[in-house]
Amino acid sequence: MTMSMVWRMDTRPPPPPIPTGRQGRPITLALEGGGALGAFTWGVLERLLDETSLRIEVVSGTSAGAMNGAMLVQGLAEGGPARAQALLATFWQRVSISAGSLPGPSGAWLQMIAESMAPMLDAVRKAGSAMGAHVGAFGLNPLRGILSELLHTPLFGQEGAPELVVAATKVRTGEAKLFRGGDVSLDALLASGCLPQVFPAIEIDGEAYWDGGYSSNPPVRPLIEAGCPGDVLIVRTTPSERHMMPHGAAAVKDRVNEITFGSPLRAELRSLALAQASLSEMAALTPALTRLRDARLHMISPAGADEAAASETLQPSWPLFSEQRRRGAAAAERWLEANLAAVGHRSSLPMNEFTGRETGATGAPRSTRRLEEATHAT
């Protein structure tokens, strides 16, 4: 699909709603946040949308994952996979433009100028970061304008469309709030990606919210307990592990942020792994516990050569988005080749990695190696 095709498709009236009798094995998608690295998920979703043997029934997301999820669900509701691919591309194009990076070859010379001005722009960025929420107090959140032009929220919860679940964090309690289906609004999406260092809290029905990455990144267990399809494919934006020690203040800060925003997912996976280990020997379970026991977990994440790029402080730009999109599509292709046959039958993610019970002769978890193989499928 060329960029010109994407722009033309986005300016046409949406196709009629998709039929309810879609084919393929039903799956649940859980999309991690990650700012600019959310373009990796864009690439993953593009490839999954081409896979006719899978049927996306439920999508959960946090922050950038929520934005990707909203474009995915709305596109499927409007006209199927092609429309979803077009909306995803348009969203990332407009994010790039709002960051001052034009998509396509015509923007290459502007990118060179921007790179030559990098020291000055970096100083401006640091000054803005130091100002913190005062910058956002003026309402300078470009995502509000982008989403308001693209979103058609009445489609969320429409019959025949995938269920959309978006996570945000309650400032008052620190607990996760899950917005589902028709409750997903423009403000709910902005709340899911509201970093308090940059923007003021988003208030919905008298409750203030910050980024969902602090509490549920992305939601997994609540979806299983509620009855979503038992095959849950988690799409991460950062590697499962970092083999390189961070050096320097910026690298340390980036790694601290990764650990902070990755902790909710690790906690959920550990909870699921322990629950499945305990429930495997029990009979006469409730429906919710049966779903927990039988859930099949899968994961796609950046791997190998992607680690160095993902560990840098990344500023939004079209070259970055394009490269992350390419890597995401390649990672999805590797995962499909290695693990598609497992869908509907077993977990391709080694859940005992998260219980900490199995170790090899060196003392390192044997399952760590299997986790890397299962998620990267290199």
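Preceding this paragraph is the structure being described.
The sections below set out a description of the structure shown in this document. (Residues numbered from 1 in each chain as written. Predicted model: local features only at pLDDT ≥ 70, side-chain atom pairs only at ≥ 80, totals over all residues. Heavy atoms only, no water.)

## Observations regarding the nonpolar core
Across soluble globular proteins, you tend to see nonpolar side chains buried next to one another. Among the nonpolar cores identified, the biggest contains 59 residues, and L29, M71, L72, F91, L189 and F321 are the most heavily contacted of them. Excluding its chain neighbours within four sequence positions, the residues that come into contact with L189 are A66, M67, A70, L147, L151, V166 and V184. (Core = buried A, V, L, I, M, F, W, Y, C linked by side-chain atoms within 4.5 Å. Buried < 20%, exposed > 50% of the residue type's maximum accessible area, 1.4 Å probe, protein only. Contact = heavy atoms within 4.5 Å.)

## Here's the deal with helix 4 (residues 81–98)
Helix length check: helix 4 (18 residues) gives 26 Å between terminal C-alpha atoms against 26 Å at 1.5 Å per residue, within 8%. Of all 18 residues making up helix 4, 13 are buried, and the element is well covered by its neighbours. Immediately beyond the C-terminal end of helix 4, within one or two residues, lies G100, with a positive phi of roughly 85 degrees. (Helix = DSSP H or I, 4+ residues; strand = E, 2+ residues; numbered from the N terminus. Expected span 1.5 Å × (residues − 1).)

## Looking at the packing of aromatic side chains
Two aromatic rings are characterised by how far apart their centres lie and by the angle between their planes. For the structure on display, the rule yields six aromatic pairs. Where W42 meets W318, the ring centres are 6.0 Å apart and the plane angle is 50 degrees; that geometry is what we call tilted. With W42 in helix 2 (residues 38–49) and W318 in helix 14 (residues 318–339), this residue pair connects regions lying 276 residues apart in the sequence. Judged by centre distance (5.5 Å) and plane angle (70 degrees), the ring pair of F179 and Y209 falls under edge-to-face. Taken as a pair, F179 in strand 4 (residues 176–180) and Y209 in strand 6 (residues 207–211) lie far apart in primary sequence, 30 residues in all. Grouping residues by exposure puts F179 and Y209 together as buried. Three or more aromatic residues joined by ring pairs make a cluster, and in this case those are W42, F91, W92, W318 and F321. (Phe/Tyr/Trp six-rings, centres within 6.5 Å; stacked < 30°, edge-to-face > 60°.)

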